[in-house]
Amino acid sequence: YKYWRWHGFLCRYGEQTVTEGTSTSEKEGILFIHGFGASGSQWQRNINALRATCNSSPPVDSTLECLAPDLIGFGQSEKPAITYSGFTWESYTSDFIKEIACYKNKWQSFIIGGNSIGGFVGMCAAANDATTN
């Protein structure tokens, strides 16, 4: 697990490489967003199964990574006295995509998957931000 700061608040996220490409291959990603009352840890079994499936298949020339953040107010992320809403989590997710997935991890393309409120948050982030389209 790693940490980043969103508006000064310490937030945790899980990161795992599923397939290793070459240094010149495309970097792709899957962003998993948890449901209400959960954390990014809920995705660990899914990510492990994905990794096992991908590594038993013929090799591909791309790097696939998975990120699973704890939304602000959940899991090991800080729980500040702010108003929590779909907008808060959509803004958090859009910033996470820009700062961590695209800038830090250099993803060139990605898929967003979500459970419960995480599905709604992912859909909002994709619909409201050109970076995620």
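Everything discussed here concerns the structure shown above.
Residues numbered from 1 in each chain as written. Predicted model: local features only at pLDDT ≥ 70, side-chain atom pairs only at ≥ 80, totals over all residues. Heavy atoms only, no water.

A look at the pattern of salt bridges
Applicable threshold: Salt bridges, as used here, are contacts in which a Lys or Arg side-chain nitrogen is within 4 Å of a carboxyl oxygen on Asp or Glu. We count a stretch as a helix when DSSP gives it H or I for four or more residues in a row; a strand needs E for two or more, and each element gets its number in order from the N terminus. For every residue, the accessible area (1.4 Å probe, protein chains only) is compared with the maximum for its type, and the residue is labelled buried under 20%, exposed over 50%, or partly exposed between those bounds.
If you walk through the whole model with that rule in mind, you get five salt bridges. For the salt bridge of Arg5 with Glu78, the shortest nitrogen-to-oxygen distance reads 3.9 Å. Here the residue Arg5 occupies a position in strand β1 (residues 2–6), and Glu78 occupies one in the loop between β4 (62–69) and α2 (86–104), the gap between them amounting to 73 residues. Glu15 is the partner of Lys104 in a salt bridge, and the nearest nitrogen-oxygen pair spans 3.8 Å. Of this pair, Lys104 sits in helix α2 while Glu15 is found in strand β2 (residues 9–19), placing the two residues 89 residues apart along the sequence. Judged by its relative accessible area of 41%, Lys104 is partly exposed.

Observations regarding α2
Going by this rule: To estimate the expected span of a helix, subtract one from its residue number and multiply by 1.5 Å. The angle between axes fitted to the seven-residue stretch ending at a residue and the seven-residue stretch beginning at it gives the bend at that residue. What makes two residues a contact is simply this: any of their non-hydrogen atoms within 4.5 Å.
In this model, α2 (19 residues) spans 25 Å end to end at C-alpha, consistent with the 27 Å of a helix rising 1.5 Å per residue. Ile97 marks where α2 bends most, by close to 30 degrees. Here α2 has its buried residues at Thr88, Trp89, Glu90, Ser91, Tyr92, Thr93, Ser94, Asp95, Phe96, Ile97, Ile100 and Ala101. Those residues of α2 hidden inside the fold are in contact with β1, β2, β3 (26–33), β4, β5 (109–114) and α3 (117–128). In the stretch just after α2, Lys106 is the one whose phi turns positive, near 60 degrees.

Topic: the side chain of Thr19
What counts, and what does not: The definition of a polar contact used here is a pair of N or O atoms within 3.5 Å, where within protein one atom must be able to donate a hydrogen and the other to accept one, and adjacent residues in sequence count solely through side-chain atom pairs.
With respect to the helices and strands, the residue Thr19 is situated in strand β2. A relative accessible area of 9% means that Thr19 is categorised as buried. Of note is the side chain of Thr19, whose polar atom sits 3.2 Å from the backbone oxygen of Ser62. A polar side-chain atom of Thr19 sits 3.1 Å from the main-chain amide nitrogen of Leu64. The residues touching Thr19, leaving out its near neighbours within four places in the chain, are Cys54, Asn55, Val60, Ser62, Thr63 and Leu64.

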